[in-house]
Amino acid sequence: GGRPHKMASMSAVRRSLRQVATIAARRGATAGLVAEAGASRAILAGELRAQARAGVVGSFTAGKSLFHASSAAHAAGLIEPHGGKLVNLMVDESKKASLVSSCNRTLELSDRNACDVELLTVGGFSPLTGFMNEDVYSHCVKEMRLPGSNLLFGMPIVLDTACEDTKVGDKVLLKYQGKDVGVITVESKWKPDKPLEAKMCYGTSSIEHPGVSMISMERRKYYIGGKVEGLSKPERPFPCPDPSEVRAMLPAGKDVVAFQCRNPIHRAHYELFTRALDAENVGEGAVCLVHPTMGPTQDDDISGLVRYHTYEVLAKEVNNPAIRWAYLPYSMHMAGPREAIQHMIIRKNYGCTHFIIGRDMAGSKSSIDGEDFYGAYDAQDLAKANAAELGMKTVPSLNVVYTDEEGYVTADVAEAKKLSVKKLSGTKFRKMLRGGEDIPEWFAFKSVVKVLREHQ
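Residues numbered from 1 in each chain as written. Predicted model: local features only at pLDDT ≥ 70, side-chain atom pairs only at ≥ 80, totals over all residues. Heavy atoms only, no water.

Evaluated as defined, the whole model comprises 14 aromatic pairs. Every member of this aromatic cluster is reached through a ring pair, and the members are Y402, Y408, F429, W442 and F443. Looking at K189, its charged tip hangs above the ring of Y222, at a distance of 4.4 Å from the centre. (Phe/Tyr/Trp six-rings, centres within 6.5 Å; stacked < 30°, edge-to-face > 60°. Lys NZ or Arg CZ within 6 Å of the ring centre and 35° of its normal.)

In structure tokens, the structure reads:
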């Protein structure tokens, strides 16, 4: 009796997500104009890239001033940030002491909160200039858009507190691991409808979903919204370059393909994102930005610090000039389709024109029976439906397999040629790793395996 019920609930999840997609796609006259403007920007960006290839647009010297106006971004041959301007909420050094002294409350941030504060202050969540107020939050939850501008926005960005006394007008000092990282001026405080947030954003209100479990059991009673001012970036054992710094690493006038991951990179992943540079909709001379999420993910995931070491040794091993490496201080929600939209918006702010999107991206399984919450292509479908409005393009994740005869090829080629496909499951790989067995080099890079063994 349990299985039919679960399948029925999974169908409801997909139906709910389709409703969200329908709402997101529904536009009035104003929304049509916004989409039209977005398409015009995308065309202009494409023209600039073409001009850059022809030598019309020269190279540029990276500087923060380039990243605060859309015209400057276009002149540099880079995609403009979401909403047209890259937000920077960091305050001048000379004003920090007086800002801190003006605060009447203090809030210690969780790991997830700290990621959100950092992405707000450095512009990763552009065009947001603070944590969402109640009206913006409600609109984003229900419509997957920001009110007023009607810009797409995948997930609500909120700050939670259990403090009963916090009120509108308070200035709250935000601390992380004992360090002052920012200040929020409280403009709204409310008790959120968490079941509705869960249903609209995750497609389910079941706490079997890790994201729903997080908002219902980890987040505190109230949300507070308001303008945020940045004092310093949270200290981490690995660097997380901000959008302006990443943009300075990217070539002018070339496509930039983002690869999102939350696991160590093995051979199949590497084949996937290097082959993405040859996709039909990717221009010549494109680069790939490998941009792993380094904040909290799922409990059974390998820690960010260990993964950082694997990425660093791999970058040295492959030494591929077509790849850029950077780390993103973002905490995963495992929200499937809506999180795919969020990832695209963030990567656009970091200068990416294309986004690789795999099967069941940001997907999750029931913590009880392991059933998938989303269909294999739900995230791809929602991303493709909204890519043009974002001025971006999606690159489907190729299904690559290793064969005895020809090495890595796509699965359809292997099937057509009747090649011998070799397989090694993640479970078997982890067992071999723990047991000290030799890991086949066709599956994993030696340098990555060495790091993983050292940190078991």
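Moving on to the sheet that holds strand β12 (residues 393-396). In spatial order, the strands read β10-β9-β8-β11-β12; together these five strands make up an open sheet with parallel pairing. Of all strands in the sheet, those with a lone pairing partner are β10 (323-325) and β12, marking the two edges. With strand direction ignored, the average angle separating the axes of adjacent strands in the sheet is 30°. Sheet topology places strand β11 (residues 354-357) next to β12; four bridges connect them, and they run parallel. The residue of β12 that forms the bridge with I357 is P396. (Pairing = 2+ DSSP bridges. Helix = DSSP H or I, 4+ residues; strand = E, 2+ residues; numbered from the N terminus. Axes fitted to C-alpha atoms, helices over the stretch in contact; angles between N-to-C directions.)

Closest axis-to-axis distance for the helix α6 (residues 134-143)/helix α7 (residues 194-202) pair is 8 Å, and the angle between their directions is 45°. Classed by the angle they form, the pair α6 and α7 counts as oblique. Together, Y137, V141 and K142 of α6 and L196, E197, M200 and C201 of α7 make up the contact between the two elements. Here the residues of the contact of α6 with α7 sort into five nonpolar, no polar and two charged. (Parallel < 35°, antiparallel > 145°, perpendicular 65-115°, else oblique. Contact = heavy atoms within 4.5 Å. Nonpolar A, V, L, I, M, F, W, Y, C, P; charged D, E, K, R; others polar.)

A separate point is the pattern of salt bridges. By the definition in use, this model includes 17 salt bridges. Here R220 and D160 are joined by a salt bridge, their closest N and O atoms 2.8 Å apart. In this pair, R220 is assigned in the loop between α8 (210-218) and β7 (222-230) and D160 in strand β3 (residues 159-161), connecting sequence segments 60 residues apart. Classification of D160 as buried rests on a relative accessible area of 4%. Residues E197 and R219 are paired through a salt bridge, measuring 2.9 Å at the closest nitrogen-oxygen approach. In this pair, E197 is assigned in helix α7 and R219 in the loop between α8 and β7, connecting sequence segments 22 residues apart. Judged on exposure class, the residue E197 and its partner R219 are both buried. Residues participating in the shared-partner salt-bridge network are R105, K167 and D170. (Salt bridge = Lys/Arg side-chain N within 4 Å of Asp/Glu carboxyl O. Buried < 20%, exposed > 50% of the residue type's maximum accessible area, 1.4 Å probe, protein only.)

Bringing the sheet that holds strand β14 (residues 407-410) into the picture now. An order of β14-β13-β15 is seen for the three strands of this open sheet, with the pairing classed as antiparallel. Each edge of the sheet is formed by a strand with only one pairing partner; in this case those strands are β14 and β15 (421-422). Pairing geometry for strand β13 (residues 400-403) and β15, over two bridges, is antiparallel. When the bridges of β15 are listed, T403 appears paired with V421. Relative to the sheet, helix α10 (residues 267-275) contacts β13 and β14, its axis offset from that of β14 by approximately 55°.

What follows is about helix α13 (residues 378-390). Taking 1.5 Å as the rise per residue, α13 with 13 residues should run 18 Å; its terminal C-alpha atoms sit 18 Å apart, in good agreement. The axis of α13 is deflected most strongly, by about 30°, at K384. Of the residues making up α13, those classed as buried are A379, Q380, L382, A383, N386, A387, E389 and L390. Taken from the residues just after α13, G391 is the one with a positive phi, measuring 75°. (Expected span 1.5 Å × (residues − 1). Bend = angle between axes of the 7 residues up to and from the residue.)

Membership of the largest hydrophobic core comes to 75 residues, with the highest contact counts inside it found for F125, F153, L174 and Y202. If we ignore the near neighbours within four places in the chain, the residues touching F125 are D116, L119, L120, F153, I157, Y330, Q342, I346 and N349. If you look at the next biggest cluster of nonpolar residues, it comprises 41 residues, including Y308, I439, A444 and V448. (Core = buried A, V, L, I, M, F, W, Y, C linked by side-chain atoms within 4.5 Å.)

Across the seven residues of strand β5 (residues 179-185), five count as buried, placing the element largely inside the fold. Summarising the sheet, strand β4 (residues 171-176) and β5 pair through six bridges and their orientation is antiparallel. Looking at the pairing, L174 lines up with G182 of β5. Inspection of the sheet shows β5 paired to β7 by three bridges, in the antiparallel sense. Considered in β7, the bridge of V183 is made with E229.

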